[in-house]
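Residue-level listing of the chains:
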Amino acid sequence: MIEKDIIIVGGGAAGFFAAINIAEQNPDLKVAILERGKEVLTKVKVSGGGRCNVTHAEFIPQELVQNYPRGEKELLGPFHKFMTGDTIEWFEKRGVALKIEDDGRMFPVSNSSQTIIDCFLNEAEKYQVEVLMNHSVKSIQKEADLFEIETTQGVFSSKKILIATGSNPKIWKLLEDLGHTVSQPVPSLFTFNIKDERIQDIPGVVAQNVEITVLNNFSPSKGEMSQRDREVLKSEGPLLITHWGMSAPSILKLSAFGAIEFAKRDYKFEIEVNFIRQAFEDCLDVLKTLKQDLAKKTVFKSTQFDLPKRLWHKLVLASNMTAETRWADLNKAQLEALAAQLTKAVFNVDGKSTFKEEFVTAGGINLKEVNFKTFESKLHKGLYFAGEVLNIDAVTGGFNFQNAWTGAYIVAQNISK
């Protein structure tokens, strides 16, 4: 049996961050990472389209937690201990400068995730962290105050163990055997599949500022959603039309906050899109004015409300008009139809697609079973968790990584003492 002071299961973002910080803060501890694959940090490599979206430029804990559909309450305390600014400083001290993009996402200045991977590998080597590949964990047992971890390559023992395996059903099963409860995993970041004449043949079109509401809003009788969650099933921001439906931040935010409810509904539901963020009546007033001002022009060719031209064409044709209809000839029904298409267009969602390589899952270890001052299990002393193995997930934009850094750092602080 191989003895270590601390065993970390999972060679991803949280696992490496914890290992490096433990070994740096207490060089006397023997730290080993067990990774089931033949490579480490694979998710870091593909994240952010290969650029690694390290964190998000949000520096107030109360604001930051609002990006976590699951984990909002639990992360508030930890974010006061290790926050976005601490992440930036940590990387800069190790020669990795980060930059902020217009939407708040933060990337290495190099624009390459390899910079982050190299930083971690160099630090792990510097502090003599042992990284063991192809070590798939088969069982975890506790004997007195020692954990026994059986892998495909041998048996390890340690007084302290950190589980940082992300969304891994096999590990969740082993943790259930130790008495922990796991919330059933469902996908969290995904795009909506929609077949509709109004968005057909215009992939790549972006409406910059829409408001989307999920319809047949979930009443208490239909599900167990809190009032806050019901209100959250509304989002705003850019909307991208794709070959298969709709994507971009406005959709991804809805997919995260509605993850559990959408899974219950087998990803079949309706959304209402307000393409111009105006009330129906206000829009109708504008259209009546345009009917006077642009009388001789065709509606089709007079794009309004800063909408992309191709989207405007589709919405006009969906309002009982042709490409030749002039503003002067619009009747009351056509004006109202166009106002409705602009401010409350209803689309049927039928299925989902994975968003790029961002495999994020809602589900994981029940948060009531974890002490968030230390990220230690309340059931077993010496058992810690960090990252997505917990029932914590976030909207897209670097928030899932910030959860990993924060949890891993607090675990490291606690263990290295």
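Everything here concerns the structure above.
I will try to describe carefully the structure that is included in this document.

Criteria and cut-off values
- Residues numbered from 1 in each chain as written.
- Predicted model: local features only at pLDDT ≥ 70, side-chain atom pairs only at ≥ 80, totals over all residues.
- Heavy atoms only, no water.
- Pairing = 2+ DSSP bridges.
- Helix = DSSP H or I, 4+ residues; strand = E, 2+ residues; numbered from the N terminus.
- Axes fitted to C-alpha atoms, helices over the stretch in contact; angles between N-to-C directions.
- Parallel < 35°, antiparallel > 145°, perpendicular 65-115°, else oblique.
- Left-handed = near helix turned anticlockwise from the far one by under 90°.
- Contact = heavy atoms within 4.5 Å.
- Nonpolar A, V, L, I, M, F, W, Y, C, P; charged D, E, K, R; others polar.
- Expected span 1.5 Å × (residues − 1).
- Buried < 20%, exposed > 50% of the residue type's maximum accessible area, 1.4 Å probe, protein only.
- Arc of directions from axis to C-beta.
- Polar contact = N/O pair within 3.5 Å; in protein donor to acceptor, adjacent residues only side chain to side chain.
- Phe/Tyr/Trp six-rings, centres within 6.5 Å; stacked < 30°, edge-to-face > 60°.

A few words now on the sheet that holds strand β4 (residues 55-56). Pairing is antiparallel across the open sheet formed by 3 strands, whose spatial order is β4-β6-β5. Every other strand in the sheet has two partners, leaving β4 and β5 (98-100) as the edge strands with one partner each. When β5 meets strand β6 (residues 105-108), the two strands line up antiparallel, connected through 3 bridges. Across the sheet, the residue bridging to K99 is F107, located in β6.

It is the contact of helix α1 (residues 13-25) with helix α14 (residues 399-416), at a shortest axis distance of 8 Å, that shows an interaxial angle of 30°. For the element pair α1 / α14, the angle class is roughly parallel. Relative to α14, α1 is oriented so that their crossing is right-handed. Every residue of α14 that contacts α1 at A13, A14, F17, A18, N21, I22 and Q25 is listed here: F401, A404, W405, A408, Y409, A412, Q413, I415 and S416. Residue composition of the contact of α1 with α14, grouped by class: 12 nonpolar, 4 polar and no charged.

A separate point is the packing of helix α12 (residues 309-317) against helix α13 (residues 332-343). For the pair α12 and α13, interaxial distance at closest approach is 9 Å and the crossing angle is 135°. Judged by the angle between their axes, α12 and α13 are oblique. Regarding α12 and α13, the two cross each other, and that crossing is right-handed. Between α12, through W312, L315 and V316, and α13, the contact on the second element is made entirely by L338, Q341 and L342. Taken together, the residues that form the contact of α12 with α13 break down as 5 nonpolar, 1 polar and no charged.

If you check helix α11 (residues 280-293), its first and last C-alpha atoms are 20 Å apart, about what 14 residues at 1.5 Å a residue would give, namely 20 Å. By the burial criterion, the buried members of α11 are C283, L284, L287, L290 and K291. Along the axis of α11, the buried residues cluster in a sector spanning 120°; they form a single face. Looking at α11, the residues exposed on the side facing more than 90 degrees away from the buried face are Q292 and D293. Residues of α11 that are buried in the fold lie against α13.

This paragraph deals with unusual backbone geometry. Non-glycine residue R277 carries a positive phi angle of around 55°. Its location among the elements puts R277 in the loop between β17 (268-274) and α11. Given a relative accessible area of 34%, R277 falls into the partly exposed group. You will see that F375, though not glycine, has its phi angle at about 65°, which is positive. Following the sequence through the fold, F375 ends up in the loop between β21 (370-371) and β22 (376-377). Judged by relative accessible area, F375 falls into the buried class, the value being 0%.

The next subject is the side chain of S255. With respect to the helices and strands, S255 occurs in helix α9 (residues 249-257). Here S255 falls in the buried class, since its relative accessible area comes to 0%. Separated by 2.9 Å, the side chain of S255 and the backbone oxygen of S188 make a polar contact. Discounting residues that sit within four places of it in the chain, S255 has contacts with S188, L189, F190, F192 and F262.

Let's shift gears to the pairing of β17. Across 4 bridges, strand β14 (residues 206-214) lies against β17 in antiparallel orientation. Residue E211 lies in a different strand from β17, and its bridge partner there is N274. Of the pairings in the sheet, the one linking β17 to strand β18 (residues 345-350) comprises 6 bridges and is antiparallel in character. Each bridged residue has a counterpart across the sheet, and for F269 the counterpart in β18 is V349.

With that settled, the discussion passes to the packing of aromatic side chains. All told, the structure shown has 23 aromatic pairs when counted by the stated rule. Ring centres 6.3 Å apart and planes at 15° place the aromatic pair F16 and F120 in the stacked group. Here F16 is found in helix α1, whereas its partner F120 is found in helix α6 (residues 113-126), with 104 residues between them in sequence. For the pair formed by F16 and F120, the shared burial category is buried. For the pair F190 and F262, a centre-to-centre distance of 6.5 Å together with 70° between the ring planes defines the contact as edge-to-face.

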